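Descriptive structure summary
In case you want the letters, here they are:
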Amino acid sequence: MFSLSERQRAVLHAVCDTLLPSITRDHDPAGYFATGALVARTPARVEQMLARLANPHDQARLKLLLAVLDSSAANFAVGGGFRSFADMDPATRERVLTGFAHSSVTLRRAGFQALKRLCQVAYFCFPTADGRHPAWEAAGYPGPLPQPKVEVPPLAVLAVDADRTLEADVVIVGSGAGGGVVAGDLTAAGRDVIVLEKGGNPSSRDLTQVEGEMFNELFLDRGMIMTDSGSMPVLAGSCLGGGTVINWTTSFALPEPTRAEWDRRSGLALFESPAFGESLARVQVRLGVGTRWSTPSGRDRLFEAGVRALNWPVEPIPRNVTDCLEGLECGYCTYGCRHGAKNSTASTYLRDAAAGGARLVPHCTVDRILVEGGRAVGVRGTVRRPDGGTHAITVRARAVVVACGAIWTPVLLRLSGLTNERIGQNLHLHPVSAMGAFFGERVEPWGGAMQTRYCAQFADMDGQGYGARFETGPMHFALPASAFGWASPRQLREDVGRLAHMGHVGILLRDRDAGRVVPNRWGHPRVLYDVSQYDAAHMRRALEASARIMAAAGAEELFTLQTPPTRCRPEGTGWLDRFMAQADATGYRRLRMSYVSFHQMGTAAMAAGPGRGAVDGEGQSFDVKGLYVADGSTFPAPSGVNPMITIMAVADHVAGAIHTAL
Ligand SMILES: Cc1cc2nc3c(=O)[nH]c(=O)nc-3n(C[C@H](O)[C@H](O)[C@H](O)COP(=O)(O)OP(=O)(O)OC[C@H]3O[C@@H](n4cnc5c(N)ncnc54)[C@H](O)[C@@H]3O)c2cc1C
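First, a word on what this report is: a plain description of the structure on this page. On a predicted model such as this, the values are computed, not experimentally measured, just so you know. (Residues numbered from 1 in each chain as written. Predicted model: local features only at pLDDT ≥ 70, side-chain atom pairs only at ≥ 80, totals over all residues. Heavy atoms only, no water.)

So, the pattern of salt bridges
- Enumeration over the complete set of coordinates arrives at 32 salt bridges.
- Salt-bridge contacts for Asp-130 lead to Arg-132; the nearest nitrogen and oxygen are separated by 3.8 Å.
- Take Arg-132: its relative accessible area is 48%, and that puts it in the partly exposed class.
- When the shortest N-O distance is used, the salt bridge between Arg-498 and Glu-557 registers 2.9 Å. Taken together, the residues Arg-498 in the loop between helix H17 (489-497) and strand E13 (502-509) and Glu-557 in strand E16 (residues 557-560) connect sequence positions 59 residues apart.
- Each of Asp-495, Arg-498, Glu-557 and Arg-567 takes part in one network of salt bridges that share partners. (Salt bridge = Lys/Arg side-chain N within 4 Å of Asp/Glu carboxyl O. Buried < 20%, exposed > 50% of the residue type's maximum accessible area, 1.4 Å probe, protein only. Helix = DSSP H or I, 4+ residues; strand = E, 2+ residues; numbered from the N terminus.)

So, in structure tokens, the structure goes:
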């Protein structure tokens, strides 16, 4: 049972009081945020978030950090005087934490970023009891919108009210882009299917649009997975429908040159084949992919204007939506669509599967694949009850499909005894950063369709297909809290006050260099990944281009997501050179520049043989017969484009192979 000591609590309280704008009441006699009660509740919320962190490793590290900040000797060494952080005056606390943020010691920078993220998410992403928040009001942010009149019901699921052993033709672990498609296809083909999903089964009434609550309910490990170095939050969905419920509906097919590259890399003749092309086409039809509902939001209009002014190409983004309202409410779609307009796997393939007799079990975490005589015969897991208790579940099946996403799939394979050395290798995260910009006009970056325009001018910087694509994304409070750099509480307060005027260019990096995932000693993923020098050089070029885009769109001020952020007014001759020289001085590598991963890929790659990948061209494991992988793990290399459609096409292909094999 996790808890903090009184001393650690006092330190945490002081940290919150330093990192959040309330501290600036001294500098702000008007009490701009007037947050006393809210800040007072924030440390307790951070403690609750710490207690709920799925990974004991992260808990241990944060406790240690609080202990270091409590240590007089450690604080003396960083110029804070011989006393606990809790006993310092506000100015000294700010100096000590800023020292951590800029430190040459990676661990200090990582500790700072972890605390900053927790405190800011705890503070900005939950309202007060009356549903309001002074920072939201200061920003002109409307917060959660009224519930629509018509409820979109949850999926029909199998209730598990005792320990159970079930049988099926196929058991599927994970129900996102990959698992959902396999469930739909195999049920349609007449197979008896069971889907086990760790996350819940929300109805539209459960989608409160309170960011903190929705991170808890809809995101993998409550949105708190970080790379091992602490440099990158790794975001993924976790509920029936997985990432397709919370994603931004951008629906690109794998580009032709990448299909050829994947065949070369994997040694397979698959991705360029007509059959794979048919899988890509089939999933796009089922998802209703098109550009009919791609009306640009305020931020996309500015982005498009900037790109056009530079004479670079800008195109509409195809989306998997039907009758999308495209107005204010749409911008909240990261927390699920309450109108049923988003064609997630929950509202398409899984709904079809449930209607066709598939049994869906939410709140069910699988911890072992059962293997007998070199063949997968089922899985074992635990179903969480609403009262916190659990039931054991075993499913015996003729085929087992693992579709837990590229972070958990390799961990489950390893914990189940698979030994292929490629499992967990080849982790690609598509690191995302951004160029922020403030405009004179209101942009309301939280509203409008999720993503409707992209620019691929810099998608191939090295002649090998590696580089960056530009898109924008909806901006509420959670993303700034997670990814913006740090200068001071005063700067934070000022930026929050201007949030409604913020636009940006989102930079999606196709990462050439890979990391890996291994289970830690608690059986949780350890995500070993840092942006390489090679990829960081691409990020630098992309940032420069993004600064030009935002300046051409009429931005009054630009800022990077570095710590400290590089800022400038794009005016006068030589502004770009000066801006980039300053950004170069801070750098683009880990914990100097903020990155977030929305796309995880490659950790159980498809290949022609076990030396090159973990599964064959039909998704079947090289180690264990009858065991298939059908999710983003199967990618031989990063897709470069947003991966959902490609994952679904791989899953469609794997489902066909399973049906033939059974
Ligand atoms: C905020 C956000 C926006 C995005 N926007 C886009 C976009 O616009 N377009 C796009 O193409 N992509 C987008 N993506 C990425 C896309 O959603 C994912 O790449 C895709 O969903 C991954 O599919 P998957 O099948 O590999 O895994 P997931 O969809 O993540 O599904 C895996 C499922 O397995 C479950 N699971 C894990 N472990 C276990 C276990 N042990 N037992 C049982 N269940 C388990 C998880 O809870 C999860 O539901 C976005 C992602 C995020 C986070």
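Overview of the site of the ligand
- Around the ligand, the surrounding shell holds 38 residues, and the nearest of these are Gly-178, Glu-197, Ser-238, Thr-250 and Met-644.
- Gly-243 places a main-chain nitrogen or oxygen 3.0 Å from an oxygen atom of the ligand.
- If the ligand stood free it would expose 1,000 Å²; the protein chains cover 97% of that surface.
- Residue assignment for the shell around the ligand shows that the elements contributing at least two residues are helix H8 (177-188), helix H10 (243-246), strand E7 (364-372), helix H15 (405-415) and helix H20 (644-661).
- Across the shell around the ligand, the residue classes break down as 17 nonpolar, 18 polar and three charged. (Near = heavy atom within 4 Å. Polar contact = N/O pair within 3.5 Å; in protein donor to acceptor, adjacent residues only side chain to side chain. Areas by Shrake-Rupley, 256 points an atom, 1.4 Å probe, with all protein chains shown as cover. Nonpolar A, V, L, I, M, F, W, Y, C, P; charged D, E, K, R; others polar.)

Quick notes on the sheet that holds E16
- Read across the sheet, five strands follow the order E12-E13-E10-E16-E17 without closing on themselves; strand pairing throughout is antiparallel. This sheet does not close on itself; its edge strands, each paired only once, are strand E12 (468-471) and strand E17 (567-568).
- With four bridges connecting them, strand E10 (residues 432-438) and E16 associate as antiparallel partners. Counterpart to Phe-438 in the pairing with E16 is Glu-557. (Pairing = 2+ DSSP bridges.)

So, the side chain of Gln-562
- As for its placement among the helices and strands, Gln-562 is situated in the loop between E16 and E17.
- Given a relative accessible area of 0%, Gln-562 falls into the buried group.
- A polar contact of 2.7 Å, which involves the side chain of Gln-562, links it to the side chain of Thr-560.
- Separated by 3.0 Å, the side chain of Gln-562 and the backbone oxygen of Ala-583 make a polar contact.
- In contact with Gln-562, other than residues within four places in its own chain, are Gly-485, Trp-486, Ala-583, Thr-586, Gly-587, Tyr-588, Arg-592 and Met-593. (Contact = heavy atoms within 4.5 Å.)

Considerations on the packing of aromatic side chains
- The full count for this structure, using the stated rule, is 20 aromatic pairs.
- Their ring planes at 55 degrees and their centres at 5.9 Å tell us that Phe-112 and Trp-486 sit as a pair that is tilted. Placement of Phe-112 in helix H6 (residues 106-124) and of Trp-486 in the loop between helix H16 (478-483) and H17 is noted, with a sequence separation of 374 residues between them. Trp-486 shares its class with Phe-112; the two are buried.
- Aromatic side chains Phe-215 and Tyr-335 sit 6.1 Å apart centroid to centroid with 55 degrees between the ring planes, which places their arrangement in the tilted category. Of this pair, Phe-215 sits in helix H9 (residues 211-218) while Tyr-335 sits in the loop between strand E5 (319-320) and helix H14 (349-355), and the two are 120 residues apart along the sequence.
- The rings of Tyr-123, Phe-124, Trp-136, Tyr-141, Tyr-332, Trp-446 and Phe-477 are connected pair by pair, giving a single aromatic cluster.
- The residue whose ring lies beneath Arg-45 is Phe-126, and the NZ or CZ to ring-centre distance is 4.1 Å. (Phe/Tyr/Trp six-rings, centres within 6.5 Å; stacked < 30°, edge-to-face > 60°. Lys NZ or Arg CZ within 6 Å of the ring centre and 35° of its normal.)

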